[in-house]
Amino acid sequence: MKRIYLASPFFNDTEIENLSKAEKLLRDRGFYVFSPREHEVREGNVGDPAWSLATFTNDIRGIDACDYVVALYYGNYSDSGTSWEIGYAFASHKPVIVVHFGDSSNLMIHEGCHSNLMSLEELGEYDFEELERNRYSGKMF
C-alpha cells in the first residue's frame, strides 16, 4: 500500500473541511494517509518546547515514511508549516502534488512540486503511478 503524507493547514472551517475530504478521497483510493491533524501530539502543553519538538519530529517521520506528499495550498496566505513541509519533501526527493485553493501561487511552491492540481476532483483522478507533471498556469508571484 502506497503512503501519502497530507500537508495542510487546519486552522479554520474551510481548511478542515477540505482536509477531511482529501483524507477520505485518498483513503477511498486505497492509500495509507498520514495526516498531521489526525496524528497531533497530545502529550504536554501546546506551545512548550517539548511539545514543539515532539510535533516536529512526528511530522518529519511521517514525511520520511511516505511515498508521496499531497499538499493543500491556499496561495500566499498558506501557513508556513505547510510550506516548510513542501520544501522538506522536495529536498527529500519525494513527489509533491499540490492542490491549489487560492487565487495565486508563490513560485517556490508551484515550481518546487511535481504536479499542480486545481481541485480535489483533480486529486481524485490523479494517477499516482504515472505521476504526470502539471504546470501551474494561474496568477503567480
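Here, the structure is the one placed above.
Asker: Please give an account of the sheet that holds strand β6 (residues 115-117) that cites residues and values.
Answerer: The strand order across the open sheet formed by five strands is β2-β1-β3-β4-β6, and the pairing between neighbours is parallel. Both edges of this open sheet fall to β2 (32-34) and β6, since each of them pairs with a single strand only. Between one strand and the next, the sheet's axes are offset by a mean angle of 25°, whatever the strand orientation. Examined bridge by bridge, strand β4 (residues 96-100) and β6 share three bridges and lie parallel to one another. Within the sheet, the bridge partner assigned to Val 98 lies in β6 and is Asn 116. Of the strands in this sheet, β1 (3-7), β2 and β3 (68-73) are in contact with helix α1 (residues 13-28), which crosses β1 at around 175°.

What counts as what
- Residues numbered from 1 in each chain as written.
- Predicted model: local features only at pLDDT ≥ 70, side-chain atom pairs only at ≥ 80, totals over all residues.
- Heavy atoms only, no water.
- Pairing = 2+ DSSP bridges.
- Helix = DSSP H or I, 4+ residues; strand = E, 2+ residues; numbered from the N terminus.
- Axes fitted to C-alpha atoms, helices over the stretch in contact; angles between N-to-C directions.
- Contact = heavy atoms within 4.5 Å.

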